[in-house]
Each structure stands twice: as structure tokens, then as C-alpha cells.
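Below, each chain spelled out in residue letters.
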Amino acid sequence: MNIPWLTVLWAVPMVGAVLIILLPAAARQLAKYLGVAVALAVLAVALVLAVGFDPAGAQYQFVEDHPWIPSFGTGYILGVDGIALALVVLTAVLVPLLLLAGWNDTQDQTALSGRSAHSYVALTLAVEGMVLISLVALDVLLFYVFFEAMLIPMYFLIGGFGGAGRGKAAVKFLLYNLFGGLVMLAAVVGLYVVTANSTAFDGGTFDFRAIVAAVSSGELAVDPAILNALFLGFMFAFAIKAPLWPFHRWLPDAAVESTPATAVLMMAIVDKVGTFGMLRYCLQLFPEPSTLFRPFVITLAVIGIVYGAIVAIGQTDVMRLIAYTSISHFGFIILGIFVMTSQGQSGSTLYMVNHGISTAALFLIAGFLVSRRGSRLIASYGGVQKVAPVLAGTFLVAGLATLSLPGLAPFISEFLVLIGTFTRYPVFAVLASAALVLSAVYILWLYQRMMTGPVTVDSKGVRDLVPREIAVVAPLIALLLVLGVYPKPALDIINPAVEHTLTTIDQQDPAIAEGTVP
């Protein structure tokens, strides 16, 4: 029996979300348990895909191709390559942990007529389903529909649960991303018109594979100015979603005012669709504009790396500090994509995975601490390691991963990005390396202020992690350690997809002059 695994992958969380919403209002605990069960089922499907994926096989595997709207040249086309598979597995691993982490996040929410737990779990699963179909879509219009649709459940998650300023943060999140999406819609329509006017197709098409093949062969003869405009339309939307400096202004507020689990869902999962879109759609659909605008994008990425780290140092709010570190890390990811080297893009893809894990660990542990004390201010804490050693110890490991300590997962991905950058843009590599020092400053100083020293009066009542919280944190710490010392399984899946991307856009690694050190 030929099972449509990719359809099952995204349909399971969507169906699960509907079933949870239909549960009686009194079944709050059942809604939570069912949500975790559905998320674990998605993880099982993702593992089936990972085991069945052949890195040496076809570029896109588990392909499903069915008509959708033939008159528009669009189809229900799904397929997964090594880059998408890495993000699929990341998403499937994190969501059940986030549901456990946010187990009690709806207890004080009364505005939803006793159905806050149902709504919270269902919205989280809906986001998961939409992210997954975005990652495996091979039709540009299909991708766009769910790229935009995921904003709706995220808006309600941010605006319905969290801090006092969550409503304003949710509106800011939505307006920024909707504006980017509208610009991208114009580019999507423009792309369709370009294919309709091309002799390479019998009418317009949204088939990503067909368009890329026509671009690579030179059959899609289009005015370069039009291609530049289309590239900028796609890139603008992805730069807001990622986010790339200076389009980042919505992220700190949304992260701080959300529940910690929702903030991680946004930063570690949803925002990765933006960087994934750059790597798949911007580069492969528009290789020449990508090369033309490469220095500009790289400049913004390096500014974001340094800016995020400097601003993080000055924060007094622990959650806002961690949010700004993500802006710096997204700069590294985008830098690796646009240097267009095999090391850079492999490191960037691995960085997407490792950033998701390390940010989830650090943000959730900080959230557990804030839930005990009720304050996000760094100055409210001190000596926590004496009263909650497990919490402090795991916070330290997650923090060291964030600053890319050797032996922890983010190190190898950041190292690959810097090597890939140095071979083509050594000055940018040196500037980006400055963030390594800055990250050590903000993480170690944060740990020193909150966890070391004498126990403050307010920290005396802080309890250590409970079993549910340990069940959330332990897998994340284990992944940071395993991927830190043995990233080969992930890279074996990622590298062939990266090589194909570079071949598609006609880019080769620069030759390193004899006697130089990369």
C-alpha cells in the first residue's frame, strides 16, 4: 500500500486540532493529553520519513502530485528534500515538548468561556500542521497559502495567552507579517504571469520544480528587472518572517508578551519558514537576482548579528534578552544562506535545527523560573543555583549552547557558516566573529547575575524543576550534547540537498589559495 506520508504528516495535527476543539468544555485535561498524543503521532510520522529518506536518492522524495486548480496551473504537490526533512523533524520534536511546557499556561485565562485549554492546544497543533505543509509544498501557490494562513493561529496564541501587553504585541506581529505577505502575493502573481508568457510552459504554472528547471536551462527568458522585482517581493516577506534586521521590530514584543511555549513555537519553528523560504524559493527561482543582491543581504545579516548581540547585553528583562539573541542567530543563518558556499549553506541549515533546540531550552527554562517568581527582571534574581541547582545547571548548558561553546550543537553550525563566509567574504566573516565575544558577555553576565552570588530574599522560595519540566528540558539538553559531538547524521541528510541547490543556481565553492587558512 502506497501511504501518502506527507499528507498524513500535516493532516494529523490539523484533524487533531479540530477534534480537541469539539471536546466538551469540562474536558480540559483530556484536551491536553490528546494534544500531546497527536503531537507524538506527528513525531512518529516524521521519524518514518527520516528513516525512509535516502540521501543518495532523488532530490525530492515521498512525492505526491495531484491536480488542485488546473485552470490556474496549480497542484497539490508535496515532496521533501534533506533541508526540509531536517526542519520537519525539528518541528515534530519540539511541539510535544512545548505542549508539556505550556501545560499550565491556560489556568488563569477566563475569557474563552472555560475552553482556554482546548483553544491553546488546538491552535498550537494548527500552527504545526501549517508549518509542516509549508515545508513540504512543491507548488508555489500552495506554499504561499499556508505561509500566510499560519499567521491566524499564531495571532490568537499571542493575543489570547500571555502577558498584559499581549494584545498590542499580537497586532504588531500580524501587521508586520501581513504586509510582507501582501508584497509576496504580488510577486507570486507576477511569477505566474511570467510563466504564462514564457514559451517554456503551456500556460502559467506554480509548479516549483518545473519553474526551477526552466530557470536553470535558460528557457524562462525574462527581463532581469522583472526578476529582480520578483526576488525582492519574496525576499521582503521572508526577511520579516525570519526576521532580518531591520525588519525585526515585531519579534521582541511578541516573544516577551507570549507564553514561553508560544514564544518558542514562533522563534524556533514558525520563523524558520522564512529562512527556509530564502534557501528554497529566493535562491532557486531567482539565482541571478540572488547573486546581484547578495552583498546587500549579507551586509544586513552581519549588522543583525552584531546589533542583536549588543542590544541583548543591555537588556534588564531576561525574556527580552533571549529574544534579541535570536535576532543575532537569524543573522548567522541568513549569512550562511547568501554566501552561497557548501559550508555556509550546510551550516545554515544545521543552524536552523540547532538554534531551534538551544532557544527552546533557554527560553523554556527561563520561563519556568519566571513562573515561580512572577518577574522577568534580571535584578529580581540572585543565587538561584543554591536553591534550584538543576534549574540553574540546565540554564547554564542551554546558555553555553547559545554562545556556541565547542561540544554543544550550535558550535559546528556556526563554525561552518564562518568558514563558508571566510572563503568568499573574509571581512564579513571577521565582523560576524565579533558576535562570539559579545554572546559570551551577555550569556555569562546573565548567568552570573541570576544564578550565582548570595541568595536574594526573592529567590529563597524558588523551587527546582519538577518532573514534568525535567521531561521537557532533558531531551533538549540531550540533543544539544549529541549533535554537538556527532552532527554527521544530520549533515549526511542536509549536504546532498545543499549541493543540489548550489548546482541549480550555478554556484561553486571559491578556490582557496595555497598557504591561506580558511
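Numbers given for residues are sequential positions, taken from 1 along each chain in its written order. Totals for whole chains, interfaces and linings use every residue, but because this is a predicted model, local features are given only for residues with pLDDT of at least 70 and side-chain atom pairs only at 80 or more, for both listing and counting. With hydrogens and water stripped out, all remaining heavy atoms of the structure feed into the side-chain values.

1. A short note on helix α20 (residues 426-451)
Okay, step 1: Each helix is a run of DSSP H or I of at least 4 residues and each strand a run of E of at least 2, with the numbering of both proceeding from the N terminus. An expected span of 1.5 Å times one less than the residue number is assigned to each helix. The end-to-end C-alpha distance of α20 is 38 Å, a good match for the 38 Å that 26 residues give at a rise of 1.5 Å each.
Okay, step 2: Remark: exposure states derive from per-residue accessible area (1.4 Å probe, protein chains only) relative to the maximum for the residue type, with buried under 20%, exposed over 50%, and partly exposed in between. Every buried residue of α20 is listed here: F428, A429, A432, A435, L438, S439, Y442, I443, L446, Y447, M450 and M451.
Okay, step 3: Of the surrounding elements, those touching the buried residues of α20 are α14 (294-313), α15 (318-338), α16 (342-373), α17 (384-387), α18 (389-402) and α19 (409-422). Contacts: residue pairs with any heavy atoms within 4.5 Å of one another.

2. Observations concerning the confidence of the model for the chain
Okay, step 1: On average, residues of the chain carry a pLDDT of 88, and 97% of them reach 70 or more.
Okay, step 2: The score called pLDDT rates the predictor's confidence residue by residue, from a low of 0 to a high of 100. Within the model, the stretch residues 513-518 combines pLDDT values under 50 with four contacts to residues more than four positions away or in other chains.

3. Considering unusual backbone geometry
Okay, step 1: A cis geometry characterises the amide bond from A242 onward to P243, with omega recorded as -10°.
Okay, step 2: Positionally, P243 belongs in the loop between α9 (224-241) and α10 (250-257).
Okay, step 3: Going from W245 to P246, the amide bond is cis rather than trans, its omega being 5°.
Okay, step 4: On the secondary structure map, P246 appears in the loop between α9 and α10.
Okay, step 5: For F62, which is not a glycine, the phi torsion comes out positive at approximately 55°.
Okay, step 6: Mapped onto the elements of the fold, F62 is located in strand β1 (residues 61-69).
Okay, step 7: Although it is not a glycine, S404 adopts a positive phi angle of roughly 65°.
Okay, step 8: Mapped onto the elements, S404 comes out in the loop between α18 and α19.
Okay, step 9: Relative accessible area serves as the criterion here: at 7%, S404 is assigned to the buried category.

4. Digging into the nonpolar core
Okay, step 1: Core analysis: the biggest nonpolar cluster contains 196 residues, and L9, V140, F234, M266, L285 and F338 have the highest contact counts within it.
Okay, step 2: Considering each element in turn, this core owes the most residues, 15 residues, to α16.
Okay, step 3: For V140, the residues in contact, after removing those within four places along its chain, are V188, L191, F206, F208, I211, F234, Y281 and L285. Buried residues of nine kinds, namely Ala, Val, Leu, Ile, Met, Phe, Trp, Tyr and Cys, make up a nonpolar core once their side-chain atoms join them within 4.5 Å.

5. What to know about the pairing of strand β2 (residues 74-80)
Okay, step 1: Of all the seven residues making up β2, seven are buried; the element is thus mostly covered by neighbouring parts of the structure.
Okay, step 2: A two-sided burial pattern is seen for β2, the buried positions comprising T74, Y76, L78 and V80 on one face and G75, I77 and G79 on the other.
Okay, step 3: One ladder, built from six bridges, connects β1 with β2; its direction is antiparallel. Across the sheet, Q61 pairs through a bridge with V80, a residue of β2.
Okay, step 4: For two strands to pair, DSSP has to find at least two bridges joining them. Two successive antiparallel strands, β1 and β2, enclose a turn made up of four residues, where G73 displays a positive phi of approximately 70°.

6. Quick look at the environment of I240
Okay, step 1: As for its position among the elements, I240 is in helix α9.
Okay, step 2: A residue is classified by how much of its surface remains accessible, and I240, at 3% relative accessible area, is buried.
Okay, step 3: Through-space distance from the C-alpha of I240 to that of F173 is 9.8 Å; in sequence the pair is 67 residues apart.
Okay, step 4: Filtering out sequence-adjacent residues up to four positions away, I240 remains in contact with Y176, N177, G180, F247 and W250.

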